[in-house]
Amino acid sequence: MPVTSTDDVTESKILLAEYDCLKEEQKTRIGFRDNLLYFTLAAATAVVAVTVQSGQSRLLLSVPAICLVLGWTYLVNDEKISAIGCYVRDQLGPRLGELASAHGTVFGWEVYHRNVASRTMRKRLQTVVDLFTYLALPMVCTTAFWCSPTVQPLLVLTSLVQTLALAVLGWQFLLRAER
C-alpha cells in the first residue's frame, strides 16, 4: 500500500509495523526450531537403522555430526526467538506505550507468559529433552561405536573430537536454559 503523504507515517505506525514483522519472524523461527527436533530424531533413527542393517558401526559417528549441526542451528534459532521477545518486551513495547500514553504494559502477553507458575518446570523439561536429543543420543551412538569390534584409531580420534564438541553444545544448552 503506497503512502500518499508523510502525514500518514507516524512513529507509532512504524513501531507497530516493526512489531508485526518481528512476530512473523518469531513465529517462523519457532516452527523451524521445533521441526529441527523432529528432523534430528528421524535422521538419528535412520542412521541407526542403516548401521544395524549394514553392520558398519563407523556409521554411528554420523549421528554426533548430525546432532552437532542441527543442535547448533536449534540453539541459534532459539536465541533469536528469545531476543525478539526481549526486544518487544524491553524496547518496542515501552516506546509504543510512551507514544500512546498507555496506562499499562503494551504487548502484555510478552510479560505475562513468562510469569506463569509452570514456566520454570516447562523450561527444565524442555532442557532435558534438548540435552537428550542433542547430547545423550549421539553419545549413546558414540559409545556403541567404541564398544564395536572394528574400532579404528583415526575414527576413535574423530569420536573424541565429536565428544568434546558435544560437551560444548551441551554446555550452551545449559547456559541458555535459565532464560
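What you are looking at is a predicted structure, and each value in this text was computed from that prediction instead of being measured. (Residues numbered from 1 in each chain as written. Predicted model: local features only at pLDDT ≥ 70, side-chain atom pairs only at ≥ 80, totals over all residues. Heavy atoms only, no water.)

Caption draft 1: Structural view of the pattern of salt bridges. Evaluation of the coordinates by the stated rule reveals 8 salt bridges. A salt bridge links Glu11 to Arg95; the nearest nitrogen and oxygen atoms lie 2.8 Å apart. With Glu11 in helix H1 (residues 11-54) and Arg95 in helix H2 (residues 62-100), this pair connects stretches of sequence that are 84 residues apart. Exposure remark for Glu11: the relative accessible area of 37% places this residue in the partly exposed category. Residue Glu110 pairs with Lys23 through a salt bridge whose shortest N-O separation is 2.5 Å. (Salt bridge = Lys/Arg side-chain N within 4 Å of Asp/Glu carboxyl O. Helix = DSSP H or I, 4+ residues; strand = E, 2+ residues; numbered from the N terminus. Buried < 20%, exposed > 50% of the residue type's maximum accessible area, 1.4 Å probe, protein only.)

Caption draft 2: The arrangement of H2 in detail. With 39 residues, H2 ought to run about 57 Å at 1.5 Å a step, and its terminal C-alpha atoms sit 54 Å apart, in line with that. The largest bend in H2 comes to about 40°, at Val88. At the C-terminal side of H2, Ser101 shows a positive phi close to 50°. (Expected span 1.5 Å × (residues − 1). Bend = angle between axes of the 7 residues up to and from the residue.)

Caption draft 3: Representation of the nonpolar core. In this structure, Leu36, Val63, Tyr74, Tyr134, Phe145, Leu169 and Phe173 are the most contacted members of the largest nonpolar core, which totals 21 residues. At the level of secondary structure, the elements contributing two or more residues to this core comprise H1, H2, helix H4 (119-146) and helix H5 (153-176). In terms of residue count, the dominant contributor to this core is H2 (6 residues). Setting aside its immediate chain neighbours within four residues, Leu169 contacts Cys67, Leu68, Gly71, Trp72, Leu75 and Tyr134. (Core = buried A, V, L, I, M, F, W, Y, C linked by side-chain atoms within 4.5 Å. Contact = heavy atoms within 4.5 Å.)

Caption draft 4: Layout of the packing of H1 against H4. Running from amino to carboxyl end, H1 crosses H4 at an angle of 20°, the nearest separation of the two axes being 11 Å. By the angle class used here, H1 and H4 are roughly parallel. Note that H1 runs across H4; the crossing there is left-handed. Facing H1, whose interface residues are Leu36, Leu37, Thr40, Leu41, Ala44 and Val48, H4 presents Gln126, Val129, Asp130, Thr133, Tyr134, Leu137 and Cys141. Split into classes, the residues belonging to the contact of H1 with H4 amount to 9 nonpolar, 3 polar and 1 charged. (Axes fitted to C-alpha atoms, helices over the stretch in contact; angles between N-to-C directions. Parallel < 35°, antiparallel > 145°, perpendicular 65-115°, else oblique. Left-handed = near helix turned anticlockwise from the far one by under 90°. Nonpolar A, V, L, I, M, F, W, Y, C, P; charged D, E, K, R; others polar.)

Caption draft 5: Region of the structure containing the layout of surface pockets. For the largest pocket, the calculated volume is near 770 Å³. In terms of lining, the largest pocket is formed by 29 residues, of which the most central are Arg33, Asp78, Ile81, Ser82 and Lys123. Every element with two or more residues in the lining of the largest pocket is listed here: H1, H2, helix H3 (109-112), H4 and H5. Per element, the largest residue contribution to the lining of the largest pocket is 8 residues, and it comes from H2. Of the residues belonging to the lining of the largest pocket, the class tally is 10 nonpolar, 6 polar and 13 charged. (1 Å grid on protein atoms, 1.4 Å probe; cavity = no way out; pocket = protein on both sides within 12 Å on 5 of 7 lines; lining within 4 Å. Points joined across faces, edges and corners; volume = space filled by probe spheres on them.)

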